[in-house]
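# Overview (structure and organization)
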Amino acid sequence: MMNGAASYGQSQQMPGPGIGYPPGGMSQPPPMQNGFDPKHGMGGGPPNQINSNQNQYQPQPPHAPPPMQNQMSNGPTPPMGGQPPPPQPYNQFQPPQQINAYQGQPQFNGPPPGPPRPGQPMMGPPGQQQPQYPSYPQQPGPVGQPPQSGMPGQPAYAQPTQQQPKRLDPDQMPSAIQVMQEDQQARGGLFVTNTKGLLPPLVTTKFQVDDQGNSSPRFIRSTMYNVPALPDMLKQTAIPFALIVNPFESPAKDEQPIACVDLGSIGPVRCIRCKAYMSPLMQFIDGGRRFQCLLCKATTEVPAEYFQHLDHTGQRLDKYERPELLRGSYEFVATAEYCRNNVLPKEPAYIFVIDVSYNNVKSGLVNLLCAHIKSLVEALPSHTPVGFITYNSKVHFYNIDPTLAQPQMVIVPDVADMFMPILTGFLVPRAEAASSIEVLMEQIPAMFGDTKETDAVLGSAIVAGTEALKASDRAGKLLTFHSSLPVSDSIPNAKLKNREADRKLLGTDKEKVVLTPQSTYYNNLGQECVAAGVSVDLYLFNNSYIDVATIGQVARITGGSVNKYTYFQADIDGPRVIGELQYHLSRPVAFDCVMRVRTSTGVRPVDFYGHYYMSNTTDVELAACDSQKSIAIEIKHDDKLTDEDGVYIQIALLYTSIFGQRKLRIHNIALSTCTQMADLYRNCELDTIINFLAKQGISKSVDSTPAALKDSVINRCSQMLATYRKHCANPSMPGQLILPECLKLLPLYANCVLRSDAVAGTAELTPDDRSWLMYMCMTMGVNVSVHYFYPKLIPIAGPGITLDNPTPVRCSRDKMSDEYAFLLENGVYIFMWVGSAVSGEWLQNIFGSSNLAQINVEVITELPDHVNSDESLRLRALIRSIRTERQRHMRLTIVRQRDKMEAVMNKFLIEDRGSEGQPSYVDFLCHMHKEIRALLNQ
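Residues numbered from 1 in each chain as written. Predicted model: local features only at pLDDT ≥ 70, side-chain atom pairs only at ≥ 80, totals over all residues. Heavy atoms only, no water.

### Digging into the overall build of the chain
Note the cut-off: Segments assigned H or I by DSSP are reported as helices when at least four residues long, segments assigned E as strands when at least two residues long, and all are numbered from the N terminus. Exposure categories follow from relative accessible area, calculated using a 1.4 Å probe and restricted to protein chains: below 20% of the type maximum is buried, above 50% is exposed, and the middle band is partly exposed. Residue exposure ignores everything except the shown protein chains as possible cover, and the areas themselves are Shrake-Rupley values with a 1.4 Å probe.
A count of helices and strands for the chain gives 22 helices and 30 strands. Buried residues in the chain amount to 61% of all 938 residues. For the chain, the exposed surface amounts to about 35500 Å²; the carbon and sulfur share of it is 49%.

Encoded structure:
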């Protein structure tokens, strides 16, 4: 059956949930706090002036020495004079009214909010007409240029005709880095899941999970942990109710592994009505002879083999011995009735499908793969069957039976009528076939080294792998390495047209023309693969248009991934390809999966976003699912809820393990209900909301226009904040921007989503790049998407900088200076920016040369391993740790200050204005404020 504000720290004078950031102009920006100042190093700056007896800022007499008061944790506040200065031009637009640095403290309507996280923006002075903020973009001048004013961290803008304009100080806006640091300090450590509706730490926080009845947030994250009792409240706030599920994410080090329960022939115990599996959501009654399901309220007889007496509290005596009664996540061993044709499965297999046409041979890919495949497959269990297919205009199978003198090739020339020509010897356990694989990998480059074939029948090769797995009656993966647009006439439906000329449509209302598959062939092929339990992972090595939007459908539908390496060169890109294959083959994988979501009365799942296939309205089918794959589930609230009942959700995923065992992985989560909006806003999870909105936006991009998509995101975010302002904040000036604690970064992250290449690609992108990023984002978990949308900028060299505990800074050029070096990474790219005045000693210790101009940055993709200085070893370890955390071997790109690659890197400095007019963080915040005020005035 399908069915307020948490706090990160406390400022003594800040009891309310809404805290203001003065957006008024200043003659000079103050020194930073909780950030990196290129001139002053880490930290610094005078304390804010706060009257300890009132929850507001108090103006100080002109030139009076500041009193020693408590210091705000959210950063410095501009000096305050007794009289406001005269109005100044605002970025060469119409001048707004001057804004005083006044901060009032609104209160929640409803239960007290508890200790707040420091800092919510609030715009506007008391007793004055509110300024009319110009719509973005509004700040002229190029982004990414070094500061011109001599003040550290102050960006250069076009000079006004009269005098220096006032501008909002970005450092006074809510900071993602500060929120992450405060959450680490407040929420790091042990997180116990024994409380219904408990808001988890942020994904960026390092914490240990003690599973005591609710699934770890590593497996399930909800956009909200207090669900409104009435559907109208949820509709009014516009906050999405959704789950992001990573069912096979690995527990952190030292966390308890997923326990497996084997109940023998009786199989898993289930509810008689909704078929939910035994869990902590069941209540035993009648002396333990029956149990009541909290999802559907039905009662079910307990099988005699599963019976146990109850103690005086109504709990089973064996509760602490049974993971399914104690944990939020666990597994059952499935019986034959859960298997295809009621037969227990065989071990899944891996098949390498390699394009050996001219492009892949010339680029060195074939040689590279053949040189490393023997070591790569050693990451698989020794019993795992492996097989090999190569293809150009024909498809070649290989017999690697270890009893043969050498491997044998069997060619199928009729690619339109593919069949499996080898009954035995094609799939062999990798340990038994080690010697045959080694010989075969030496033969393949020699056989195709002089090829002139340019055709590569991708569709037929995938059919060949599918037929091979079907013939052996097992599930598996096809790792497919392809290089060119399928243009062969052998299979007319698989032939694709070159749509590269249509790239000019990207960013226009007609971009769906190039983002929509031009043929249903690969979609239908994906469905055939799912039916056979076959997952397809595409590794694309194109030098020209390859139509990722179309051929990627076979990966999307089968639960696979799309990986792209344009203009591949073995000597430069080889380590990246091999590194990512190592991650791929070593991570946990489930095969032939079926997922079902069951919910308690009043809510039900309605939409799913990710890589999967649904042949009906309830079962999500994935031919494979690994630890890096997530699925977003939108939950519809369509009935009144009660505080006593709560919201209960069980996600069950039936799968075959790499060892050929059929299992059920169960995840349970219990959420609270609320009748006050303040409780809803206090228990939202912003990172999860952004992940869901991005997935939803990408899925709609092929049916909508970029302008409509952008407006829908802005309107929804504005409604979230306007509803909070109207119903949860105490009465205050209409011009004040009040942000809820949990959503204070919503304007920042919403702007990041709208500027990302996956959601709103520009003319700089190719259609293939845009489609690849869209596929990638649809499978991102929250732990990956948070850094994709808001990249990490880490100082690695400069005065006062060490690599003992590298701390990110705000993602803005304002934080960068000539004498420093930084790493910038977003999980897809990693840049090392080196300032023109960085220390020659540091350059020598990292690159082996003290002259930055003499370093050939165009060919460096890894730091030189022959330089064994302490700085080099630490920096290489930092880069390795980033790659391991992201499970992606990102290519390192060295960027010298003022080199041409700096313009590419600058687009990822997400708080700055974009090169194509995309709004900066401050610009977008002003625009959001304007939209919120418009909603409040309706």
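### Brief notes about helix α15 (residues 706–727)
As a reminder, the rule being used: Multiply 1.5 Å by the residue count of a helix minus one, and that product is the helix's expected span. Here a residue-residue contact requires only that any non-hydrogen atoms of the pair lie within 4.5 Å.
Taking 1.5 Å per residue, 22 residues should reach 32 Å; α15 reaches 32 Å between its end C-alpha atoms and fits that length. Within α15 the residues assigned to the buried category are Leu-709, Val-713, Ile-714, Cys-717, Ser-718, Met-720, Leu-721, Ala-722, Thr-723, Tyr-724 and Arg-725. Contacts made by the buried residues of α15 are with α2 (231–237), α13 (677–682), α14 (686–700), α16 (746–755) and α22 (921–936).

### Focus on the side chain of Glu-911
Within the element layout of this structure, Glu-911 appears in the loop between α21 (901–906) and α22. You can call Glu-911 buried: its relative accessible area is 6%. Once you skip the residues sitting within four places of it in the chain, Glu-911 turns out to touch Leu-748, Tyr-790, Arg-810, Cys-811, Ser-812, Ser-920 and Tyr-921.

### Focus on the pairing of strand β9 (residues 282–285)
On a regular strand, one side chain projects to one face of the sheet and the next to the other, so that they alternate. Selection criterion: DSSP calls a pair of strands paired once it identifies at least 2 bridges connecting them.
Residues Met-282 and Phe-284 of β9 are buried on one face, while the alternating residues Gln-283 and Ile-285, pointing to the opposite face, are not. Counting the residues between successive antiparallel strands, the hairpin from β9 to strand β10 (residues 290–293) contains 4 residues, one of them, Asp-286, with a positive phi of roughly 55 degrees.

### Some details on the packing of α15 against α16
Note the following rule: The axes are straight lines fitted to the C-alpha atoms, using for helices just the contacting stretch, and the angles between their N-to-C directions are given from 0 to 180°. Should an angle fall under 35 degrees it is called roughly parallel, over 145 degrees roughly antiparallel, and 65 to 115 degrees roughly perpendicular, with every other angle called oblique.
Two numbers describe how α15 lies on α16: the axes approach to 11 Å, and their chain directions differ by 170 degrees. The angle between α15 and α16 places the two elements in the roughly antiparallel class. In this structure, α15 uses Lys-710, Val-713, Ile-714, Cys-717, Met-720 and Leu-721 to contact α16, whose residues at the interface are Leu-746, Pro-747, Ala-750 and Leu-754.

### Some remarks on the packing of aromatic side chains
Defined as follows: Pairing of aromatic side chains here covers Phe, Tyr and the six-membered ring of Trp, requires ring centres within 6.5 Å, and sorts the geometry by plane angle: under 30 degrees stacked, over 60 edge-to-face, intermediate tilted.
A full pass over the atoms with the stated rule returns 25 aromatic pairs. Their ring planes at 80 degrees and their centres at 4.8 Å tell us that Phe-248 and Tyr-655 sit as a pair that is edge-to-face. Here Phe-248 is found in the loop between β7 (242–245) and β8 (260–261), whereas its partner Tyr-655 is found in strand β25 (residues 647–656), with 407 residues between them in sequence. Note on Phe-248: relative accessible area 5%, which makes it buried. Taking relative accessible area as the criterion, Tyr-655 reaches 5% and is therefore assigned buried. Ring centres of Phe-831 and Phe-908 lie 5.7 Å apart, and the angle between their planes is 35 degrees; on these two criteria the pair is classed as tilted. Highlighted residues: Phe-831 in strand β29 (residues 830–834) and Phe-908 in the loop between α21 and α22, separated in sequence by 77 residues.

### Points about the nonpolar core
For clarity, the cut-off: Only buried residues count toward a nonpolar core, which is a set of Ala, Val, Leu, Ile, Met, Phe, Trp, Tyr and Cys residues joined through side-chain atoms within 4.5 Å.
Ranked by internal contacts, the top residues of the largest apolar core, which has 169 residues, are Phe-397, Met-595 and Tyr-749. When residues in this core are grouped by element, the largest group, 8 residues, is from α15. One finds Tyr-350, Val-377, Leu-440 and Phe-568 within the second-largest nonpolar core, a separate group that totals 40 residues.

### Some remarks on the sheet that holds strand β30 (residues 892–896)
Whether parallel or antiparallel, the strands of a sheet pair through hydrogen bonds between backbone atoms. Ordered in space as β27-β28-β29-β30, the 4 strands form an open sheet in which the pairing is mixed. Two strands bound the open sheet, and with one partner strand each, they are β27 (792–797) and β30. Within the sheet, the average angular offset between the axes of one strand and its neighbour, ignoring direction, is 25 degrees. Looking at chain direction, strand β28 (residues 821–825) and β29 are connected through 5 bridges and run antiparallel. Residue pairing for β29: Phe-822 is matched across the bridge by Trp-833.

### Here's the deal with the confidence of the model for the chain
Selection criterion: pLDDT is defined as a per-residue confidence score from the predictor, taking values between 0 and 100.
Averaged over all residues, the pLDDT of the chain is 84; the fraction at 70 or higher stands at 82%. Within the model, the stretch residues 1–164 combines pLDDT values under 50 with 408 contacts to residues more than four positions away or in other chains.

### Re a nonpolar patch on the surface
We apply this condition: Patches here: salt-bridge-free residues with over 30% relative accessible area, like charges joined within 9 Å, nonpolar side chains (Val, Leu, Ile, Met, Phe, Trp, Tyr) joined within 5 Å. One speaks of a salt bridge when a side-chain nitrogen belonging to Lys or Arg is within 4 Å of a carboxyl oxygen belonging to Asp or Glu.
On the surface, a cluster of nonpolar side chains totalling about 240 Å² of accessible area is made up of Met-409, Ile-411 and Met-447. Position of Ile-411 among the secondary structure elements: in strand β16 (residues 408–412).

### A word on the pattern of salt bridges
This structure, assessed with the given rule, holds 38 salt bridges. Between Lys-815 and Asp-171 there is a salt bridge, with its nearest N and O atoms 2.6 Å apart. Highlighted residues: Lys-815 in the loop between β27 and β28 and Asp-171 in the loop between β2 (41–42) and α1 (176–187), separated in sequence by 644 residues. Both residues of the pair, Lys-815 and Asp-171, count as buried. Among the ionic contacts, a cluster of salt bridges with common partners joins Arg-316, Asp-318, Arg-322 and Glu-324.

### Remarks on the environment of Tyr-749
Tracing the chain through its elements places Tyr-749 in helix α16. Relative accessible area serves as the criterion here: at 5%, Tyr-749 is assigned to the buried category. Sequence-wise, Tyr-749 and Ala-176 are 573 residues apart; in three dimensions their C-alpha atoms are separated by 8.9 Å. Those residues in contact with Tyr-749 that sit more than four places away from it in its chain are Ala-176, Met-180, Leu-686, Asp-687, Ile-690, Val-786 and Tyr-790.

### With respect to the side chain of Arg-896
The test is simple: Each polar contact in these results corresponds to two N or O atoms within 3.5 Å; when the atoms are within protein, one needs to be able to donate a hydrogen and the other to accept it, and residues that are neighboring in sequence are counted only if both atoms are side-chain atoms.
You can see Arg-896 is positioned in strand β30. When its relative accessible area of 17% is taken as the criterion, Arg-896 is described as buried. Among the polar contacts listed, one links the side chain of Arg-896 to the backbone oxygen of Ala-853, at a separation of 3.3 Å. Not counting the four nearest positions on each side in its chain, Arg-896 is found in contact with Val-834, Leu-852, Ala-853, Ile-855, Val-857 and Glu-902.

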